[in-house]
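A closer look at the structure
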Amino acid sequence: MADSGEATADGGTPRRDFLNLVTASFAGLGVVAVAWPFINSMQPARDVLALASTDAELGSIVAGQAVTVMWRGKPVFIRHRTPQEIEAARAVPLSELKDPQTDQARVTKPEWLIVVGVCTHLGCVPLGQKPTDPRGEYGGWFCPCHGSHYDTSGRIRKGPAPLNLTVPGYAFTSDTKIRIG
Amino acid sequence: MASGLHNSDIPNPVLRWIDQRMPVFTMMQKEYGSFPTPRNFNYFWNFGALAMVNLVIMIATGIFLAMHYTPHTSMAFDSVERIMRDVNFGWLLRYVHANGASMFFIVVYIHIWRGMYYGSYKAPRELLWILGVVIFLLMMATAFMGYVLPWGQMSFWGATVITNLFSAFPIVGEWIVQLLWGGFSVDNPTLNRFFSLHYLLPFVIVGVVFLHIVALHITGSNNPLGIEPKGPQDTLPFHPYYTAKDSFGLVIYFIVFAVLVFFAPNYLGHPDNYIPADPLVTPAHIVPEWYFLPFYAILRAVPDKLGGVLMMFGSIALMFVLPWLDGSPVRSMRFRPLARIAFLLWTVCFFVLLYCGGKPAEEPYVTISRIATAYYFAYFLVILPLLARLEKPLPLPESIARAVLGGGPLPAGAAAKPMEKA
């Protein structure tokens, strides 16, 4: 045993070191390979993914009205904007915006604004869906948690939130129906 | 003991900084590095380490399964099916956990058999042995409650039959059963508490395993010769000799485990448990999991409710007093020609009971179970105490090194010959 820890005649790595490294490496690889199924099992399961899109009917929403639908466990704001609201959103120069984005880039049809109703600051649901709600200084939404103001395009205008309200992927399946996700 | 920093000789400065304040590295080096271990272990001495690994696997898979399981009678079965079909790698986690229970019992049965054959329960290792029996009982309780969780037919009726065992006790029986159920039958409260306890008990097992190892490291391991090491010539440092030997055994263990999980995941299970629990219909043939069958056979061998229950619990309770039933000072059966045959016969009876426990309660299995049960108890209560007085053991080797490095028992006076490696 005494000789196995010493350098070989040609001055190479001692045999015991080599064996230790190979054993530890294979054991480490094995642990990593086994860890993957465990970690992956915490990702959304297939039944969760199967429910990851939501259909919404827009026909009954009159101009100026807003509805909230659930998508992936989060509220999605659907607002039927009035011409004045569209006008207000489009009149703002991009240089005034914290997260510059044109209103045109945020809608498919100008009268329908569809955004995820989660404040980009720390995840509260902003107010502004009900007619009685405060809508903030820019007529969009107001987040009461930390005072973020969003405009009629759902863009951040004032307060700590860094980004505009997220526009989810959606498509019009007919004139009055959309599928989110 | 004086307080202050520990005088550490760990070379790495960062590890030494920690070791001076909390000498865990020194402890690991002492208990698993240089720990003197008999040099003559055979592969039966792998099974303690295998059981440890198995416990870790069960806890890891169990924690991840609990993230997806719902302990409610109306959702439990479906949540298990969801684990099998929808959760990423859920099938793998569940099959590893279910077959891991079987592997655990295989490993632990071999571990216990090893202790009985080589007399590891004898002085000074009685407490070590008793802690092991406690672990075994905790394992049985944990496994039983785990089998109830999928809420299939076997889960439900197994739970009903096993909890009803306690109704056999006079006066308090009814009270105990209601306490277990949280109602008047196995129902949602039962499922809820079984889930809670099934999550708790493995950590209790971890605690008792720790005590088991503490006790082991005080007395040191037994060995196939059953004689104590007399000096450094009889031992090897645990690392690398037994870390390497355990690792090899571990690889074989993983291969067997993998074959079970990937090629026969339901071989040891029961198809009736894929039918949702129905309190109105009992399956025609109720059997517990295979690892309970020997004890189930003892239960059924006795034609009396209380008697059967007492015999079943007694068959395990006897293990606690085994160190005092076997009075022979010779540990290893290698040197006990009669006890060796008696114990191998006991082993056969264990398998016979395992077989009969899985068969319907009819002839010839009932008679065979009774004969095997009688021998099971006779071995502990009659044969071992008698053999301790009557048996003439074979001569023991002078030392482990003598026996391993050549030469059998020496004539008296010749044992003082120095070893070439001290």
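Bear in mind that the values here come from a model prediction, so they are computed numbers and not experimental data. Each chain has its residues counted from 1, following the order in which its sequence is written. Written order determines the labels here, with chains lettered from A and ligands numbered from 1. With the structure being a predicted model, the display of local features is reserved for residues of pLDDT at least 70 and the display and counting of side-chain atom pairs for 80 or more, all residues being used for whole-chain, interface and lining totals. Water and hydrogen atoms were dropped before computing side-chain values, which therefore reflect all heavy atoms in the structure.

It is worth spelling out the overall build of chain A at this point. Where helices and strands are cited, they refer to DSSP runs of H or I of at least four residues and of E of at least two residues respectively, numbered from the N terminus. Looking only at helices and strands, one finds 3 helices and 9 strands in chain A. Its helices and strands taken in sequence order, chain A reads α-α-β-β-β-α-β-β-β-β-β-β from the N to the C terminus. The reference for a compact globule is 2.2 Å times residues^0.38; the radius of gyration itself is calculated from the C-alpha atoms. Relative to the globule expectation of 16 Å for 181 residues, the C-alpha radius of gyration of chain A, 27 Å, shows a markedly less compact shape. Across its three principal axes, chain A shows a C-alpha extent of roughly 90 × 40 × 25 Å. Any two residues having at least one pair of non-hydrogen atoms within 4.5 Å are treated as being in contact. Pairs at least 24 apart in sequence give 51% of the contacts found in chain A among residues at least 6 apart.

Tallying secondary structure elements over chain B gives 15 helices and 2 strands in all. In terms of overall size, chain B behaves like a compact globule, its C-alpha atoms giving a radius of gyration of 24 Å where 422 residues would be expected to give roughly 22 Å. Overall, the C-alpha framework of chain B stretches about 75 × 60 × 45 Å when taken along its three principal axes. Throughout, exposure labels follow a simple rule: accessible area from a 1.4 Å probe, protein chains only, divided by the maximum for the residue type, with under 20% read as buried, over 50% as exposed, and the rest as partly exposed. Counting over 422 residues, chain B shows a buried share of 49%. Throughout, the Shrake-Rupley method with a 1.4 Å probe supplies accessible areas, and for residues the shown protein chains are the sole cover considered. For chain B, the exposed area adds up to about 20,600 Å²; of that, 72% sits on carbon and sulfur atoms.

A separate point is empty space enclosed by the protein. Residues and elements named next belong to chain B. Computed over the protein atoms alone on a 1 Å grid, cavities are sets of points where a 1.4 Å probe fits but cannot get out and pockets are open sets with protein on both sides within 12 Å along at least five of seven lines; a residue lines them when it has an atom within 4 Å of a point. Grid points are joined across faces, edges and corners, and a volume is the space filled by probe spheres set on the points. The tally for this structure, following the rule as stated, stands at 2 cavities of 30 Å³ or more. Quantified by volume, the largest cavity comes out at close to 130 Å³. Taken together, 15 residues make up the lining of the largest cavity; nearest its centre are Phe144, Gly158, Ile162, Pro288 and Glu289. Looking at the lining of the largest cavity, the elements that each hand over two or more residues are α6 (126-148) and α7 (153-164). Per-element accounting of the lining of the largest cavity gives the leading share, 6 residues, to α7. In this structure, the second largest cavity is lined by Phe77, Val80, Glu81, Arg94, Pro150, Asn273 and Tyr274. Split by residue class, the lining of the second largest cavity holds 4 nonpolar, 1 polar and 2 charged. Under the scheme applied, nonpolar residues are Ala, Val, Leu, Ile, Met, Phe, Trp, Tyr, Cys and Pro; charged residues are Asp, Glu, Lys and Arg; polar residues are all the others, including Gly.

All right, on to the environment of Val204 of chain B then. Turning to its location among the elements, Val204 of chain B is positioned in helix α9 (residues 188-219). Val204 of chain B gets classed as partly exposed once you look at its relative accessible area, which sits at 32%.

Here the focus is the interface of chain A and chain B. Listed as interface residues are 14 residues of chain A and, on the opposing side, 15 residues of chain B. Taking both partners together, chain A and chain B bury about 1,300 Å²; carbon and sulfur atoms supply 59% of that area. The term buried area means the drop in 1.4 Å probe accessible area that two parts suffer when joined, counted for both and summed. Its largest share of buried area at the contact with chain B, chain A owes to Phe38, Ser41 and Arg46 of chain A, together 41% of the area lost on that side. Basic side-chain nitrogens of Lys or Arg form a salt bridge, by our definition, when they fall within 4 Å of a carboxyl oxygen of Asp or Glu. There are 1 salt bridge connecting chain A and chain B. Across the pair Arg82 of chain B and Asp47 of chain A runs a salt bridge whose closest N-O atoms are separated by 2.5 Å. Counting only elements with at least two residues in the side of chain A that touches chain B, the list comes to α1 (15-40) and α2 (46-50) of chain A. Considering every element that reaches the side of chain A that touches chain B, the biggest residue donor is α1 of chain A, with 5 residues. Split by residue class, the side of chain A that touches chain B holds 8 nonpolar, 3 polar and 3 charged.

A separate point is the pairing of strand β4 (residues 112-116) of chain A. Residue and element names in this part refer to chain A. Here β4 lies mainly inside the structure; 5 of its 5 residues are buried. A two-sided burial pattern is seen for β4, the buried positions comprising Trp112, Ile114 and Val116 on one face and Leu113 and Val115 on the other. Note that strand β3 (residues 74-80) and β4 share 5 bridges and pair antiparallel. In the sheet register, Val76 faces β4, and the bridge partner there is Val116. Pairing between strands is defined by DSSP: at least two bridges between them are needed.

Residues and elements named next belong to chain B. Relative to the helices and strands, Tyr267 resides in the loop between α10 (238-263) and α11 (293-301). Classification of Tyr267 as exposed rests on a relative accessible area of 66%. C-alpha of Tyr267 to C-alpha of Tyr199: the two residues are 68 residues apart in sequence and 25 Å apart in space.

Residues and elements named next belong to chain B. The interhelical angle for the contact between helix α3 (residues 47-66) and helix α5 (residues 90-117), taken along N-to-C directions, is 155 degrees, at an axis separation of 9 Å. By the angle class used here, α3 and α5 are roughly antiparallel. Handedness of the α3/α5 crossing: left-handed. Side by side, α3 and α5 meet where Phe47, Gly48, Leu50, Ala51, Asn54, Leu55, Ile57, Met58, Thr61, Gly62, Phe64 and Leu65 of the first sit next to Leu93, Arg94, Val96, His97, Gly100, Ala101, Met103, Phe104, Val107, Val108, Ile110 and His111 of the second. Residue composition of the contact of α3 with α5, grouped by class: 16 nonpolar, 7 polar and 1 charged. Between N-to-C directions, angles span 0 to 180 degrees; the directions come from axes that are lines fitted to C-alpha atoms, helices contributing only their stretch in contact. Roughly parallel means an angle under 35 degrees; roughly antiparallel means over 145; roughly perpendicular covers 65 to 115; every other angle is labelled oblique. The handedness criterion is simple: a crossing whose near helix is rotated anticlockwise from the far helix by less than a right angle is left-handed, and one whose near helix is rotated clockwise is right-handed.

Here we take up the state of the cysteines. Residue and element names in this part refer to chain A. Pairs of cysteine sulfur atoms within 2.5 Å are what we label disulfides. One pass over the structure, following the stated rule, counts 1 disulfide over all chains. Covalently, Cys124 is tied to Cys145 through a disulfide, its sulfur atoms 2.1 Å apart. Note on the Cys124 and Cys145 pair: the S-S dihedral is about -105 degrees, so by sign convention the disulfide is left-handed. Note that Cys124 is positioned in the loop between β4 and β5 (139-143) and Cys145 in the loop between β5 and β6 (148-151), a separation of 21 residues in sequence. The class of Cys145 is partly exposed, set by a relative accessible area of 38%.

A word on the confidence of the model for chain A. pLDDT expresses, on a scale from 0 to 100, how confident the predictor is about each individual residue. Looking at chain A as a whole, its pLDDT mean stands at 89, while 93% of the residues score no less than 70. Low pLDDT, under 50, characterises residues 1-7 of chain A; the predicted model gives this stretch 9 contacts beyond four residues in sequence or across chains.

Time to look at the layout of surface pockets. Residue and element names in this part refer to chain B. Approximately 920 Å³ is the volume found for the second largest pocket. Taken together, 42 residues line the second largest pocket, and the ones lying closest to its centre are His97, Ala98, Gly146, Tyr147 and His198. Secondary-structure elements contributing two or more residues to the lining of the second largest pocket are α3, α4 (76-85), α5, α6 and α9. It is α5 that provides the largest number of residues to the lining of the second largest pocket, a total of 9 residues. Looking at the lining of the second largest pocket residue by residue, the classes come out as 29 nonpolar, 11 polar and 2 charged.

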